[in-house]
Amino acid sequence: MQTSSTRYRDEYDTALVAQWDALLGWADRRAAEGSFLVDVLSARRARSVLDAATGTGFHAVLLSQAGFAVTAIDGAAEMVEQARRNIATMAARAVPCALGDWLDHESLPAGPFDAVICMGNSIAHLFSRADLERALCNFRRLLGDGGTLVLDHRNYDALLAGRISAQDRTYCCTGLKASVDLAVVEPDVVDITYRTAGHAPATIRTRAWATGEVGAAIRASGFCAPVLYGPRGVGFDPDGSEFVIHVATAADR
């Protein structure tokens, strides 16, 4: 079964987006992430950042408050509308926010940026290696030589092997009275069902990318080999980290 890499546009409908902020739990999510993202970008002297999967604007707001010049995009129209509302009330400076399709470079904002971030397991909405590399190549196109890519995804290797649970919510989806359940549809396809108090369950389909596959795609798309971290910037533990964070440098053209 081949799943379209644009399926998410329909999945992130009004009903799901309405509960997304409660699911994330902004205050708890900020505490869970700590200062890792800000520290990485600051250490690499990044000032301009593209938040390529802004969702409802969490990282765009966080980075604007830390002094970065942020541009935000998302491929789901409902997410963009909610992100604009959150940015308007919480961001420390103006943050342009628009629809953008990673697979269509003409829909993406003009670079160059010092950094591109793609957080929240968002690459799992891409279901083929060709689409993954196409998106990564477009991210590389938006960066100058030496620019920084920060990308995360669930540690599907450990999840599918039963070494960790989706309920180990120490990094993502930390909202109170929120739950996350995974169901394997195929060996590399996983449905994620979100539940928050007062809302109907909502399910999205994801590609269960192996950590090695993502690293190989990053290297094939114009980046140096990524450094791997676990949540909060600790060393990545293949058997215990809930998420894996790839930090890669754009290679010279």
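A brief report on the enclosed structure follows. Small disclaimer: the values here were computed from a predicted structure and weren't measured.

Some words on the pairing of strand β4 (residues 113-118)
Looking down a regular strand, the side chains alternate between one sheet face and the other.
Piece 1. In terms of residue burial, β4 counts as a mostly covered element, since five of its six residues are buried.
Piece 2. Relative to β4, strand β1 (residues 48-51) runs parallel, the two sharing three bridges. Residue pairing across strands places leucine 50 opposite valine 116, the latter belonging to β4.
Piece 3. Alignment of β4 against strand β5 (residues 143-154), held across five bridges, turns out to be parallel. Within β5, the position partnered with cysteine 118 by the bridge is leucine 151.

Some words on the sheet that holds strand β10 (residues 243-249)
Backbone hydrogen bonds hold the strands of a sheet together, and the pairing may be parallel or antiparallel.
Piece 1. Read from one edge to the other, the open sheet built from seven strands follows the order β3-β2-β1-β4-β5-β10-β9, with strand pairing classed as mixed. The open sheet terminates on both sides in strands that have one partner only, identified here as β3 (97-99) and β9 (227-229). Sheet twist, expressed as the average angle between the axes of neighbouring strands with direction ignored, equals 20 degrees.
Piece 2. Two strands pair when backbone bridges link them, and strand β2 (residues 69-74) and β3 are joined in this way by three bridges, in the parallel orientation. Across the sheet, residue isoleucine 73 finds its bridge partner in β3, namely alanine 98.
Piece 3. Those strands touched by helix α7 (residues 129-141) are β4 and β5, and its axis lies near 140 degrees from that of β5.

Re the packing of aromatic side chains
Piece 1. Applying the stated criterion across every chain, the model contains five aromatic pairs.
Piece 2. Where tryptophan 26 meets phenylalanine 58, the ring centres are 5.3 Å apart and the plane angle is 85 degrees; that geometry is what we call edge-to-face. Of this pair, tryptophan 26 sits in helix α3 (residues 26-33) while phenylalanine 58 sits in helix α5 (residues 58-65), and the two are 32 residues apart along the sequence.
Piece 3. Each member of the aromatic cluster is reached from another via a ring pair, and the members are Tyr12, Trp20 and Tyr194.
Piece 4. Above the plane of the ring of phenylalanine 68 lies arginine 47, whose end atom (NZ or CZ) is 5.1 Å from the centre.
Piece 5. Positioned over the ring face of tryptophan 209 is arginine 207, at 3.9 Å from the centre of the ring.

Let's talk about α5
Piece 1. In terms of residue burial, α5 counts as a mostly covered element, since seven of its eight residues are buried.
Piece 2. All of the buried residues in α5 are Phe58, His59, Ala60, Val61, Leu62, Leu63 and Ser64.
Piece 3. Remark: glycine 67 follows α5 within two positions and exhibits a positive phi of approximately 100 degrees.

Points about the sheet that holds strand β8 (residues 202-207)
Piece 1. Here three strands make up an open sheet; going across it, the order is β6-β7-β8 and the pairing antiparallel. Two strands bound the open sheet, and with one partner strand each, they are β6 (178-186) and β8. Across the sheet, the axes of successive neighbouring strands diverge by a mean angle of 25 degrees, strand direction being ignored.
Piece 2. One ladder, built from eight bridges, connects β6 with strand β7 (residues 189-196); its direction is antiparallel. The residue of β7 that forms the bridge with alanine 183 is aspartate 191.

Considerations on the state of the cysteines
Piece 1. One pass over the full model with this rule turns up zero disulfides.
Piece 2. Cysteine 118 supplies the cysteine sulfur nearest to cysteine 97, a cysteine that is in no disulfide, at a spacing of 14 Å.
Piece 3. A residue is classified by how much of its surface remains accessible, and cysteine 97, at 11% relative accessible area, is buried.
Piece 4. The exposure class assigned to cysteine 118 is buried, which follows from its relative accessible area of 0%.

Conventions we followed
- Residues numbered from 1 in each chain as written.
- Predicted model: local features only at pLDDT ≥ 70, side-chain atom pairs only at ≥ 80, totals over all residues.
- Heavy atoms only, no water.
- Buried < 20%, exposed > 50% of the residue type's maximum accessible area, 1.4 Å probe, protein only.
- Helix = DSSP H or I, 4+ residues; strand = E, 2+ residues; numbered from the N terminus.
- Pairing = 2+ DSSP bridges.
- Axes fitted to C-alpha atoms, helices over the stretch in contact; angles between N-to-C directions.
- Contact = heavy atoms within 4.5 Å.
- Phe/Tyr/Trp six-rings, centres within 6.5 Å; stacked < 30°, edge-to-face > 60°.
- Lys NZ or Arg CZ within 6 Å of the ring centre and 35° of its normal.
- Disulfide = S-S within 2.5 Å.

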